[in-house]
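Survey of secondary and tertiary structure
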Amino acid sequence: HPLEEEKMKNKEDDEDQDPPNQQGFQQPAQVVNIIFGGESSFSRHAQKLAWCEILSLEPAIPRPLKHSEVPITFSREDQWTSFSEPRKFPLVLDPVVAGSRLTRVLIDGGSGLNLLFASTLKKMGLDLSDKLTPSKAPFYGIVSGNSTTPIGTVSLPVTFGTKENYRTEHIKFEVANFESSYHAILGRPALAKFMAVPHYVYLLLKMPGKSGVLSLHGDLQKSYECEKEAITYASSNRLPDASGEVLAANSSLNQGWKFL
């Protein structure tokens, strides 16, 4: 019934709001400490050496990072669309990787590595078997309850933007041999190299470009499709939810580029 549906919608909206009188500053009533000690405890001499090493990593005059001179800011003007659940959809973009536009690349600031799927390489028509560097470091959370070892690593050029304003960086990918609703996942290492800042409410990624700040909008349709497929993969792999796929994995172009 329309009236009942409206009541349910209002109830859901209310549940998204903070409880009344709960938005002030929290004065801590107690402090939760960590457990330390045991065989790994430092001696005073070891503590002094460790502290000296830490101090040596902090130069007296910080060296500015590349592209750090470009300010990245967000405002209401960056809201390019309106939808009822801004937190629901992942940020999915379409960079060019090694000459092929990948239309389903997840931007995942919670992932500690960049993933490229073997099936994507096949679609790109790339045979990199002789260029893959062996990888012995497993990652977790992709296959239900198990660790997964990449079949290798490879560094490929990744381009965002257009010929008028773009940015290209060589990104190191872990190549994973299992199915995903995405072509690739760009995690913190890639975002750090691009000096990129994602905004998951606006579904927007900003980074310094060749001629000003690049603003890259997500694609809601692609996000929706990937979300549906992720649920299918998660169900078949007995994962708790669609995000299990990426927990730890966590527009004009030059003629002749391939589109996937």
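The rules we used
Residues numbered from 1 in each chain as written. Predicted model: local features only at pLDDT ≥ 70, side-chain atom pairs only at ≥ 80, totals over all residues. Heavy atoms only, no water. Phe/Tyr/Trp six-rings, centres within 6.5 Å; stacked < 30°, edge-to-face > 60°. Helix = DSSP H or I, 4+ residues; strand = E, 2+ residues; numbered from the N terminus. Buried < 20%, exposed > 50% of the residue type's maximum accessible area, 1.4 Å probe, protein only. Lys NZ or Arg CZ within 6 Å of the ring centre and 35° of its normal. Pairing = 2+ DSSP bridges. Axes fitted to C-alpha atoms, helices over the stretch in contact; angles between N-to-C directions.

A few points about the packing of aromatic side chains
Evaluated as defined, the whole model comprises 1 aromatic pair. Arranged with centres 5.3 Å apart and planes meeting at 80°, the rings of F160 and F194 form a pair that is edge-to-face. Residue F160 is located in strand β8 (residues 152-161), and its partner F194 is located in helix α4 (residues 188-194); the two are separated by 34 residues in the primary sequence. Owing to a relative accessible area of 3%, F160 belongs among the buried residues under this scheme. Above the ring of F74, the side-chain terminus of K206 is found at 4.9 Å from the ring centroid.

Brief notes about the pairing of β8
With 7 of its 10 residues buried, β8 lies for the most part within the structure. Summarising the sheet, strand β2 (residues 96-97) and β8 pair through 2 bridges and their orientation is antiparallel. Bridged to V96 within β8 is T159. Relative to strand β9 (residues 166-176), β8 runs antiparallel, the two sharing 10 bridges. Residue P157 lies in a different strand from β9, and its bridge partner there is H170. Between β8 and β9, which pair antiparallel in sequence order, lie 4 residues.

With respect to the sheet that holds strand β12 (residues 204-209)
Read across the open sheet, the 3 strands follow the order β11-β12-β13; overall the sheet is antiparallel. On the outer flanks of this sheet lie β11 (197-199) and β13 (212-217), each paired with one strand and no other. Put simply, the sheet's adjacent strands are angled 25° from each other on average, direction ignored. Bridge count between β11 and β12: 3 bridges; the pairing is antiparallel. Bridge assignment links V197 to a residue of β12, and that residue is K206.

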